[in-house]
Amino acid sequence: MKFEVIHEENNAIVDALVDGVRQFNTGLLGPEKSVPLTVIARDETGKLIGGVGGRTIYKNFLINVVWVDDQTRGTGLGHKLMALAEAEAKQRGCLVAQVDTLSIQAPVFYEKQGFEIIGTVTTDPQRIFLMKKY
């Protein structure tokens, strides 16, 4: 047996690890495809000003990233992006959405969207896990 520590991004290895997890899950839960779900907003010049990105799988919407640029924060864009992404997730049959954030980022934003805190990791800053049932 040989161990390695890899210090750079290696998509082939990560893909192989993910494939292993998918095979395991399929054996227990049946076949299910992980499908990307991304909703973005651009300004009138075409510049990206915000978005929500994640995946849907096994009736879960797994949110990886939510971002709104500094000039647009506080305008309701984040709420609109989340609403559109969640509507699509529900249309795909999702029953829950999951996200994690740091205490310095947006836990209050997610709570305003109906997410509930389901766990925290007490580091500095804290890592907060949230879930929303549909």
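As a convention, each chain's residues are numbered from 1 in the sequence order in which they are written. Local features in this predicted model are restricted to residues whose pLDDT is 70 or higher, and side-chain atom pairs enter the listing and the counts only when it is 80 or higher, whereas totals over whole chains, interfaces and linings include all residues. No hydrogens and no water enter the side-chain calculation; it runs on all heavy atoms of the structure.

A word on the overall build of the protein chain
Secondary structure follows DSSP: runs of H or I at least 4 residues long count as helices, runs of E at least 2 residues long count as strands, and numbering of each begins at the N terminus. Counting its regular elements, the protein chain contains 3 helices and 6 strands. Projected onto its principal axes, the C-alpha coordinates of the protein chain cover approximately 55 × 35 × 35 Å. Only protein chains enter the accessibility calculation, which uses a 1.4 Å probe. A residue is then buried if its area is under 20% of the maximum for its type, exposed if over 50%, and partly exposed in between. Sorting the 134 residues of the protein chain into buried and exposed places 28% on the buried side. Methods summary: accessible areas were calculated by the Shrake-Rupley approach with a probe of 1.4 Å, and residue burial reflects only the protein chains presented. Approximately 9400 Å² of the protein chain is accessible, and the part contributed by carbon and sulfur atoms is 55%.

Points about the UniProt feature "domain: N-acetyltransferase" (unreviewed entry) in the protein chain
UniProt positions are given in the numbering used here, feature names are shortened, and annotations may be inferred rather than shown by experiment. Mapped onto the present numbering, the UniProt feature "domain: N-acetyltransferase" (unreviewed entry) falls at residues 1-134. This span, residues 1-134, is 30% helix and 35% strand, and a straight line between its end C-alpha atoms measures 46 Å.

Side note on the sheet that holds strand 2 (residues 48-57)
What the 6 strands build is an open sheet, ordered 1-2-3-4-6-5; its pairing is mixed. Of all strands in the sheet, those bounded by a partner on one side alone are strand 1 (35-42) and strand 5 (116-121). Shown here is a sheet whose adjacent strand axes are inclined to one another by a mean of 20°, direction ignored. With 3 bridges joining them, strand 3 (residues 60-68) and strand 4 (residues 96-102) adopt parallel strand pairing. Across the sheet, residue Phe61 finds its bridge partner in strand 4, namely Ala97. Paired strands are those between which DSSP finds at least two bridges. To define axes, lines are fitted to C-alpha atoms, for helices over the stretch in contact only, and angles between the resulting N-to-C directions are given on a 0 to 180 degree scale.

Observations regarding the pairing of strand 5
Every other side chain in a regular strand lies on the same face of the sheet, so the side chains alternate between the two faces. The pairing of strand 5 with strand 6 (residues 127-133) spans 5 bridges and is classified as antiparallel. Note that in strand 6 the partner of Glu116 across the bridge is Met131. Hairpin remark: strand 5 followed by strand 6, antiparallel, with 5 residues in the connecting loop.

As for the environment of Gly51
Tracing the sequence through the fold places Gly51 in strand 2. Taking the C-alpha atoms as reference, Gly51 lies 21 Å from Glu116; in sequence the two are 65 residues apart. By the convention used here, residues are in contact when the closest approach between their heavy atoms is within 4.5 Å. Among residues more than four places away in sequence, those in contact with Gly51 are Val39, Ile40, Val65, Val66, Trp67 and Leu81.

A short note on the pattern of salt bridges
When a carboxyl oxygen of Asp or Glu is within 4 Å of a side-chain nitrogen of Lys or Arg, the pair counts as a salt bridge. Enumeration over the complete set of coordinates arrives at 6 salt bridges. Between Asp19 and Arg22 there is a salt bridge, and its shortest N-O distance comes to 3.7 Å. You can see Asp19 and its partner Arg22 sitting in helix 1 (residues 11-29), 3 residues apart, about one turn around the helix. When the shortest N-O distance is used, the salt bridge between Glu86 and Lys132 registers 3.1 Å. One end of the pair, Glu86, is in helix 2 (residues 77-91); the other, Lys132, is in strand 6, with 46 residues separating them in the sequence.

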